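Reading the structure
Residue strings, one per chain:
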Amino acid sequence: MADERNFRLEVITPERVFYEGDVNMVEFNTTEGEIGIYKGHVPMTVIINPGVLTISEADRARNAALHAGFVEILQDKVTVLAEIVEWPEEIDKARAEAAKARAEERLRTKTPETDIMRAETALQRAIARINVLS
Amino acid sequence: MASMRDIKRRKGSIQSTQQITKAMKLVSTVKLQKAKQRAEKSKNYFRCMYETVVSMLAKAGNINHPYLHPGNSEKKGIIVITSNRGLAGGYNSNIVKLITQGSFRKEDVVVYAIGKKGRDALLRYGYSVREDYSDIVEEPLYSDAMEVSKKVLDDFANGEIGEIYLAYTGFKNTVVHEPTLLKLLPVDLGAAEGEASGDAQENRAPMNFEPEDDRALDMIIPKYVTSLIFGGLVESVASENGARMQAMDSATSNAEEMIDHLTLMYNRARQGSITQELTEIIAGANAISM
């Protein structure tokens, strides 16, 4: 039987429907900080910052790396419109670590030409990927 | 009447053309299946994206945001999605017609071409093509759409173009494809409100934004534009293959018809020559026996 506290979660990307199901809680990182959502949340639209997406189903929690997009939160339904989102098994750890090192390097040796915003986003993404794996 | 040898040669040439069109039809059928699946998979995203943006704008009230007002420039940027290859029936020319016969003044149009055929045709008509992204049509990725939308939005922000349109071929089903001209920016508030009002009446609590409206729009509108461009790309690819499949199908059946006709002519010519030979032999024999 369906749990009363569950709500509908859809994670959609341009290429596929990433996740669809009834969940207990969902957590992710927004531009304003990390938030967790239960059923009955105030309707809200938030913008995603790179981070870990945690989906708590009835009996288990699943992690994924969520990099960009926005979320529409309604009282009984949450829709994540993600530009990039990955399950742990889709992530190449070596590549993520290399990307992290590269981004850190760029931030350390910054010149006027460095696109700091971009380097920071790259760093956040790499960190999100590594966090999902560990 | 053409000689037997001429007819035979012509028949042979049509047969080999038919083999090619048949093969092309099979290839585009397979490609169509793939493209169709992709289009269907990504449809969800665009529907949600569209609904979200529409409801956002409807609830956001009268925000004074640059993306909601036409720029100062008279220029209109049009992203034109066509194919890199021909032999797809009216697929490419329909899109080109949409622009040449539309209400645009030629001098005001700035073309961002995706697809060689459309680019070349518009250049021939004397339009100015600003950017060319023809490589991405074969296998459109979301990151490609991001690149295009970034460029277009930059030009919009710099005031080089005042409006942005997208010309693509909508994929209704395998046989129906609609050349479509869509206004991307400034977002058409009137249309958005019209669509949203039905939804808004049965609506629950008002939507909140985090961060506040202006900054949220700043971030969401580019994503909205990107997703529309990507959606246009995916649908256009599906339409292209559908159009090519149809064109090749009718080419194959036309070749079939011509071959039938030529076979008939050939048989007639053959029969004629046999009859003639017989007449000659009989006449010869008669001449001897007399």
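What counts and what doesn't
Residues numbered from 1 in each chain as written. Chains lettered and ligands numbered in written order. Predicted model: local features only at pLDDT ≥ 70, side-chain atom pairs only at ≥ 80, totals over all residues. Domains from an automatic or database assignment. Contact = placed C-beta atoms within 7 Å. Helix = DSSP H or I, 4+ residues; strand = E, 2+ residues; numbered from the N terminus. Nonpolar A, V, L, I, M, F, W, Y, C, P; charged D, E, K, R; others polar. Core = buried A, V, L, I, M, F, W, Y, C linked by C-beta atoms within 7 Å. Buried ≥ 20, exposed ≤ 12 C-beta atoms within 10 Å, placed from the backbone. Pairing = 2+ DSSP bridges. Axes fitted to C-alpha atoms, helices over the stretch in contact; angles between N-to-C directions. Parallel < 35°, antiparallel > 145°, perpendicular 65-115°, else oblique. Left-handed = near helix turned anticlockwise from the far one by under 90°.

Attention shifts here to the domain arrangement of chain A. Interface size is commonly expressed as the accessible area that is lost once the parts come together. Residues and elements named next belong to chain A. Taken domain by domain, chain A holds domain 1 (7–88) and domain 2 (91–133). Placing the centre of domain 1 and that of domain 2 at their C-alpha centroids yields a distance of 23 Å. Domain 1 puts ten residues into the contact, and the matching count from domain 2 is nine residues. When contributions to the side of domain 1 that touches domain 2 are tallied by element, the ones reaching two or more residues are β6 (51–56) and β7 (61–73). Of the residues forming the side of domain 1 that touches domain 2, the biggest block, four residues, is contributed by β7. Across the side of domain 1 that touches domain 2, the residue classes break down as five nonpolar, four polar and one charged.

Attention shifts here to the nonpolar core. Residues and elements named next belong to chain B. Judged by nonpolar contacts, the single largest core of 89 residues is most densely connected at I78, I79, V80, A167 and I229. In terms of residue count, helix α6 (residues 213–289) provides more of this core than any other element does, 17 residues in total. When neighbours within four sequence positions are excluded, V80 is seen to be in contact with I95, I99, V111, Y112, A113, I114, G118, L122 and A167.

Attention now moves to the interface of chain A and chain B. Counting from both sides, the interface comprises 21 residues of chain A and, opposite them, 22 residues of chain B. The set of elements that each furnish at least two residues to the side of chain A that touches chain B consists of β5 (44–47), β7 and β8 (77–86) of chain A. Among the elements that line the side of chain A that touches chain B, the one with the most residues is β5 of chain A, at four residues. By residue class, the composition of the side of chain A that touches chain B is ten nonpolar, six polar and five charged. The sheet contact formed by β5 of chain A and strand β6 (residues 208–210) of chain B spans three bridges and is parallel. Residue pairing across strands places V46 of chain A opposite E210 of chain B, the latter belonging to β6 of chain B.

Residues and elements named next belong to chain B. Two elements in contact, helix α2 (residues 91–100) and helix α3 (residues 116–125), have axes whose closest approach is 10 Å; the angle formed by their N-to-C orientations is 40 degrees. It follows that α2 is oblique to α3 by the angle criterion. Two packed elements cross with a definite hand, and for α2 against α3 that hand is right-handed. In contact with N92, I95, V96, I99 and T100 of α2, α3 contributes K117, G118, A121, L122 and Y125. Broken down by class, the residue content of the contact of α2 with α3 amounts to six nonpolar, three polar and one charged.

Residue and element names in this part refer to chain A. Orientation of helix α1 (residues 93–108) relative to helix α2 (residues 116–133), taken along the N-to-C sense of each, is 150 degrees, at an axis distance of 8 Å. Regarding α1 and α2, the two cross each other, and that crossing is left-handed. Along the contact surface, α1 presents K93, A96, E97, A99, K100, A103, E104, R106 and L107, while α2 presents A119, E120, A122, L123, A126, I127, R129, I130 and L133. Residue classes in the contact of α1 with α2 are distributed as eleven nonpolar, no polar and seven charged.

The next subject is the sheet that holds strand β4 (residues 163–171) of chain B. Residues and elements named next belong to chain B. Spatial strand order, β3-β2-β1-β4-β5: five strands in an open sheet with mixed pairing. Both outer strands of the open sheet, β3 (128–132) and β5 (177–185), are each paired with one neighbouring strand and no more. Each adjacent strand pair in this sheet contributes to an overall mean axis angle of 25 degrees, direction not counted. In this structure, strand β2 (residues 109–114) lies alongside β3, joined through four bridges in parallel fashion. When the sheet's bridge partners are listed, V111 is paired in β3 with V129. This element, α2, spans β1 (76–81), β4 and β5 of the sheet and lies at about 150 degrees to β4.

Moving on, we get to the pairing of β8 of chain A. Residues and elements named next belong to chain A. The buried fraction of β8 amounts to eight of the ten residues, a majority that puts the element mostly inside the structure. Relative to β8, strand β1 (residues 7–12) runs parallel, the two sharing five bridges. Note that in β8 the partner of E10 across the bridge is T79. Relative to β8, β7 runs antiparallel, the two being bridged by eight bridges. Bridged to V71 within β8 is V80. Counting the residues that bridge the hairpin from β7 to β8 gives three residues.

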